[in-house]
Amino acid sequence: MSEMEIPAETIIRDKIDELRFSGDDAVAGEAARVLFEMAHFSHDDSEENKQNIASAGGVQALCKHLRSNSHEARYQTCSALGELAFRNEGNCQLVVDTPDALPALADMLACSDGNNQEDAALVINNCASFCEETAVKIVECPGMLESLKLLATGRHVGAKNVSIGALNCLSRSSFVAKELLEARVVEEALVPVLEEKGRGEKHEVRRARAIMAVVNLTGNLPSMLSVSDRKLALSAIVRVLEFALDGRKWVGVSFTPYSVLYPLSHLARDASNWEGLAECGIIPQLMRFLREWTPGPRADRSLLQALQILGSLAQSTQSVPSTGEGEGIGGSLQGEAVVDARVHTQLDRMRTGGGLGALQMVVAQRRGGSAEGK
């Protein structure tokens, strides 16, 4: 029987046995590589394979090799764990719950090998991104937060980029916001990133992630930004939302709508940001999100955030006049006539005090059910 004809479950079981029982780093590294490929989102059976790997104890078997003496085995192990955690909440939880996994990753972050640091940071990034509850254990792990801060301002570009991404993911968790602020993550890791000079797409996406993390933790853009830099910051976040809605990566980085709507919902609470957000084209993006919305992880929370942002901007139509059809905040909202009429109805209700009840009604309507009991 050729390898192509071997059932996936058999391959998974065999590779996990190799991870568990082989004392050969090369064999373990190759086993991790195969599991990575089977879990990768490009694989036709990616989601099923992820579940089968987890059910067979593959996450725990992989974590044993985070302390391998082989650089290649550590690399393949981190790649497999990161892919298993990608868009899989259960696997994220398994990684952080496996004994010694987080301490081993923290030690890799603190080592002198930039590539190993980047590999470990990616596992942390994915766990924090796709399972908010993992943030507490990640932040509580000795040395973890301090290493991420140091890497965010370090010289290894790959480790720097992923560490900033990990801090951004952690910043969305209400469970650890206080700890991140007390650790001076904003002042010692994120603001220095914003002060760096640079150009190119990698610099822009790194800066956008740092800006979103600052907003998540403080509720607004950093005060040190000039007027022109504030406009650039708003534009960058709206651009990230477009990538998220398109399902496209920005320089290899994936974003979910929730990860962008979260900081945008903070920004929309400050009336001084409304005009800038509208000028950056946020309203068509939000309307598109409402049209395309489907149930899924954090989908309801994302929908509420989008409607809350639009509700804030809708309030401004009473005080910020449109200069013509399709111009200004009022014109932008009225120009999106293709959106369901019920969305406009609820926006009108929010203008006149409908508040959260109106938002919850829209969530229920978009889901096709009653607001009660949902």
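Residues numbered from 1 in each chain as written. Predicted model: local features only at pLDDT ≥ 70, side-chain atom pairs only at ≥ 80, totals over all residues. Heavy atoms only, no water.

A. Inspection of unusual backbone geometry at higher detail. The backbone of R87 sits at a positive phi, close to 55°, despite the residue not being glycine. With respect to the helices and strands, the residue R87 is situated in the loop between α5 (71–85) and α6 (89–97). Judged by its relative accessible area of 52%, R87 is exposed. Positive phi outside glycine occurs at R184, with the angle close to 60°. Along the chain, R184 turns up in the loop between α12 (177–182) and α13 (185–195). With a relative accessible area of 41%, R184 lands in the partly exposed category. (Helix = DSSP H or I, 4+ residues; strand = E, 2+ residues; numbered from the N terminus. Buried < 20%, exposed > 50% of the residue type's maximum accessible area, 1.4 Å probe, protein only.)

B. How the structure looks around the environment of E201. With respect to the helices and strands, E201 occurs in helix α14 (residues 201–218). Note: C-alpha distance between E201 and W250 (49 residues apart in sequence) is 8.0 Å. Contact partners of E201, with chain neighbours within four places excluded, come to R239, W250 and V251. (Contact = heavy atoms within 4.5 Å.)

C. Here's a closer look at α6. Of all the positions in α6, only N91, C92, V95 and V96 are classed as buried. Looking down the long axis of α6, one finds its buried residues gathered within 135° of arc, a one-sided arrangement. Where α6 is buried, its residues meet α3 (46–55), α4 (58–63), α5, α7 (101–109), α8 (114–130) and α9 (135–140). (Arc of directions from axis to C-beta.)

D. Spotlight on the pattern of salt bridges. With the rule as written, the count across this model stands at 19 salt bridges. For E30, the salt bridge is made with R33, and the minimal N-O distance between the two is 2.5 Å. Taken together, the residues span about one helical turn, with E30 and R33 both in helix α2 (residues 25–39) at a distance of three residues. Among the residues examined, E30 registers a relative accessible area of 35% and is labelled partly exposed. Its relative accessible area of 25% is what places R33 among the partly exposed residues. One salt bridge connects D246 with R288, and the closest N-O pair in it is separated by 2.7 Å. A residue pair is termed long-range when its members are at least 10 positions apart, and D246 in helix α15 (residues 227–246) and R288 in helix α18 (residues 282–292) qualify at 42 residues. Within the structure, one salt-bridge network assembled from shared partners comprises E146, K149, R184, E187 and E188. (Salt bridge = Lys/Arg side-chain N within 4 Å of Asp/Glu carboxyl O.)

E. Examining the environment of A8 more closely. As for its position among the elements, A8 is in helix α1 (residues 8–21). In this structure the C-alpha to C-alpha distance between A8 and I53, which are 45 residues apart in sequence, comes to 9.9 Å. Discounting chain neighbours no more than four positions away, the residues touching A8 are M38 and N49.

None of the figures reported here should be taken as evidence of function without further support.
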